[in-house]
Amino acid sequence: MRRLLRLTLIAIGLIFCTTLFIALSRKSSQKPVQWLGTAVADTAAFLRLAESLQFRTESQDGTGSNYKRDSAMQLLHEWLRDKYPLIHSRAMVHYFGKGSVLFTLHGKNPKLQPCMFSAHLDVVPVLPKEALMWRFRPYDGIIHKDTLWGRGSQDDKFSVLAILEAVESMLKSDRLPQHTILLAFGHDEETGGHEGAAEIAKWLEKQNIQPAFISDEGLGLTQGIVPGIQKPVALIGISEKGFLSLRLEIRTGGGHSSMPKANNACKRLTQALNRIENYRFPARLDGPMHGFFQNAAPEMSGLYRYIFSNLWLTSPLVKWQLSQNEKTDASIRTSHVTTMLFAGDKENVVPAMAWAVVNFRILPGDSIHGIMHKINTLINDTAIHISIYNDHNEAAPVSPHDGWAWDCMETAIKQTYQDAVVLPGLMIGGTDSKNYTRICKNIYRFAPLRIQGNSTDGIHGINERLPMTEYAEAIAFYRNFISQL
């Protein structure tokens, strides 16, 4: 017994020494880059961004409901031509659908692959009741105490105009990059990008144009969120979750509520939904999250460095901890939730039909086919018909977090944001870049925004706003990025 105890203690000691050595020997992957100083605010540029918000380019769900957006989009393009004349005169301009545009600005070396910057011009709607809850009216573009309030100030007109400001200033200085620059601005990203980014992708494919990389909206700059790292952390999305909605429908005999049938439609549907809601897809630390932990561990201090350097041993603990918060939990598993539920239209009538929609956000490595198989198994009710509801797409391929394109973005971030640590991550929401995966393998999703406290609660919500200092940083980021190309 003593020998067994001694051997056990020796084994524990060896494991501890090995894991400690691994943690201490992990080398940083961060590229040493000099910060270029605080970005200088440009009041005129900030006023142009404020003015762009006054064009109500809302994308509405549903067919034939976007005529107001389309009209506003045309007016916005006329305004853009007036405000950014050099880009419109020196670049080849192609329009797609009812408001998407692709600028092609030829570089000095036509043999090099082009570099593409993507963003979108449309915004999500503001409901009339929600508009009353805003501090300032959402489409007035009000600047109050050096902060711009309005829909699109963060998602995503700020990116469009920051890119245009950077390129326009470059042209004013008569500086052209070596690479050809593509600027792709979609008009319907908020409803899937089918008429915008998807059509741009098809056109590029027909022209046999394959960008060296694509930079799109995405994750931003955080501080105090990644445990063990006190410096600002810039998260670059190297993939994004897939999207799937399943419609569950059951039709049974209805009847009078005074004599309810035991297996009525509502009961069977809610039982099925209960099984789904109580199921959690397995948590995984592979793909983008593996890249995140691998690169984050050397930058961490103390116990966090030890834990994240030894995931082969500590992954159960890490998964458990990440699962305690809905935001971090969504980064390690396919998530799902019931979003629509319909049955009946009279209080004393048992409905003969009931249906619901369950939305899934698919983790890279999972698939639509696998999810549908699992849901069928969970429900185990042949009376419930399951079908795909509206748009769907698999999770995006995982882009490499090394190489020339990654280095260019990392350099631009560190030149713009002092002491920034650059890490790969997973984009939880969707972007236009999902439409470009077949023409480019290097897609990076980063929004030059500081994410702290409730600063981004206004995205798709109430009181969306952007400080002037952050917009200055966004312009500087794109200027620093393009200057390397």
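Let me begin by describing the structure that accompanies this report. The numbering scheme is per chain: residues are counted from 1 as the chain's sequence reads. Owing to the predicted nature of the model, reporting of local features is limited to residues with pLDDT of at least 70; listing and counting of side-chain atom pairs is limited to 80 or more, with chain, interface and lining totals taken over all residues. Note that water and hydrogens are dropped before the side-chain values are worked out from all heavy atoms of the structure.

## Here we look at the pairing of strand 7 (residues 213-222)
With a 1.4 Å probe rolled over the protein chains alone, any residue whose accessible area is under 20% of its type maximum counts as buried; one over 50% counts as exposed, and the rest are partly exposed. The numbering of helices and of strands both runs from the N terminus, where a helix is a DSSP run of H or I of at least 4 residues and a strand a run of E of at least 2. The buried fraction of strand 7 is high, at nine of ten residues. The rule for pairing is simple: two strands pair if DSSP sees at least two bridges between them. Sheet analysis places strand 3 (residues 115-120) next to strand 7, joined by three bridges and oriented parallel. From the neighbouring strand, C115 faces strand 7, where its bridge partner is F213. Pairing between strand 7 and strand 16 (residues 443-451): six bridges, direction parallel. The partner of L219 across the bridge, within strand 16, is F446.

## Topic: helix 8 (residues 265-277)
Multiplying 1.5 Å by the helix residue count minus one yields the expected span of that helix. Compared with an ideal rise of 1.5 Å per residue, which puts 13 residues at 18 Å, helix 8 spans 18 Å between its outermost C-alpha atoms and is within 8% of the ideal. Those residues of helix 8 that fall on the buried side of the exposure criterion are A265, L269, A272, L273 and I276. Projection of helix 8 onto a plane perpendicular to its axis shows the buried side chains occupying an angular sector of 100°, all on one side. Residues of helix 8 that are buried make contact with strand 9 (242-251), strand 11 (335-343), strand 13 (353-362), helix 13 (368-379) and strand 14 (384-388). In this structure N264 caps helix 8, since a side-chain oxygen of it lies 3.2 Å from the backbone nitrogen of C266. The directions considered for the arc run from the helix axis to the C-beta atoms. We call two residues contacting when some pair of their heavy atoms lies within 4.5 Å. Polar contacts, as used here, are pairs of N or O atoms within 3.5 Å; protein pairs need one atom able to donate a hydrogen and one able to accept it. Residues neighboring in sequence count only if both atoms are side-chain atoms.

## Structural notes on the sheet that holds strand 4 (residues 142-144)
Strand order across the open sheet formed by three strands is 4-5-17, with antiparallel pairing between neighbours. Edge positions in the sheet fall to strand 4 and strand 17 (465-467), since each has one partner strand and no second. The average angle at which neighbouring strand axes cross in this sheet is 25°, direction not considered. With three bridges connecting them, strand 4 and strand 5 (residues 147-149) associate as antiparallel partners. Bridge assignment links I142 to a residue of strand 5, and that residue is W149. Note on method: axes are straight lines fitted to C-alpha atoms, helices fitted across the in-contact stretch only, with angles between N-to-C directions ranging 0 to 180 degrees. Those strands touched by helix 2 (residues 43-52) are strand 4, strand 5 and strand 17, and its axis lies near 10° from that of strand 5.

## Section: empty space enclosed by the protein
Cavities and pockets are found on a 1 Å grid laid over the protein atoms alone: a cavity is a set of points where a 1.4 Å probe fits but cannot escape, a pocket is an open set with protein on both sides within 12 Å along at least five of seven lines, and a lining residue has an atom within 4 Å of such a point. Grid points are joined across faces, edges and corners, and a volume is the space filled by probe spheres set on the points. Enumeration according to the criterion identifies two cavities of 30 Å³ or more in this entry. In this structure, the largest cavity spans a volume of roughly 40 Å³. Lining of the largest cavity is provided by L221, T222, Q223, P232, R450, I451 and Q452. Counted as a void, the second largest cavity has a volume near 30 Å³.

## Let's talk about the environment of L269
Relative to the helices and strands, L269 resides in helix 8. For L269, a relative accessible area of 1% translates into the label buried. Counting along the chain gives 19 residues from L269 to I250, while the straight-line C-alpha distance between them is 6.9 Å. Setting aside residues up to four positions removed in sequence, L269 forms contacts with L248, I250, L341, A354, W355, A356 and I384.

## Overview of unusual backbone geometry
Here the bond from D155 into D156 is cis, since omega is 0°, no more than 30 degrees from zero. You can see D156 is positioned in the loop between strand 5 and helix 6 (157-172). A positive phi angle, near 60°, is found at D174, a position not held by glycine. Look at D174 and you get exposed, because its relative accessible area is 60%.

## Comments concerning the packing of helix 2 against helix 6
Packing of helix 2 against helix 6 leaves a shortest axis separation of 10 Å and a crossing angle of 140°. If you check the angle between helix 2 and helix 6, you find them oblique. Every pair of crossing elements has a handedness; the one defined by helix 2 and helix 6 is right-handed. Each of A45, R48, L49 and S52 in helix 2 lies in contact with helix 6, whose residues at this interface are K157, F158, L161 and E165. Residue classes follow a fixed rule: Ala, Val, Leu, Ile, Met, Phe, Trp, Tyr, Cys and Pro count as nonpolar, while Asp, Glu, Lys and Arg count as charged, and any other residue, Gly among them, counts as polar. A breakdown of the residues in the contact of helix 2 with helix 6 according to their chemical character gives four nonpolar, one polar and three charged. To sort the angles, those under 35 degrees are grouped as roughly parallel, those over 145 as roughly antiparallel, those from 65 to 115 as roughly perpendicular, and the leftovers as oblique. Working rule for handedness: look at the near helix, and if it is turned counterclockwise from the far one by less than a right angle, call the crossing left-handed; if clockwise, right-handed.

## Here we look at the sheet that holds strand 14
Reading across the sheet, the four strands line up as 11-13-9-14 and stay open at both edges, with antiparallel pairing between neighbours. Looking at strand neighbours, the two that pair on one side only are strand 11 and strand 14, the edges of this open sheet. Pairs of neighbouring strands in the sheet enclose a mean axial angle of 20°, with direction left out of account. The sheet contacts of helix 8 involve strand 9, strand 11, strand 13 and strand 14, and relative to strand 13 the element is tilted by about 15°. Each of strand 9, strand 13 and strand 14 touches helix 13; the most contacted strand, strand 14, lies at about 165° to it.

## A closer look at the pattern of salt bridges
For salt bridges, the criterion is a side-chain nitrogen of Lys or Arg within 4 Å of an Asp or Glu carboxyl oxygen. The full count for this structure, using the stated rule, is 20 salt bridges. Residue K414 pairs with E410 through a salt bridge whose shortest N-O separation is 3.1 Å. Within this pair, K414 and its partner E410 are both found in helix 14 (residues 404-416), separated by four residues, close to a single helical turn. The class of K414 is buried, set by a relative accessible area of 8%. We classify E410 as buried; its relative accessible area is 2%. Linked through salt bridges whose partners overlap, the residues forming this network are R69, D70 and K98.

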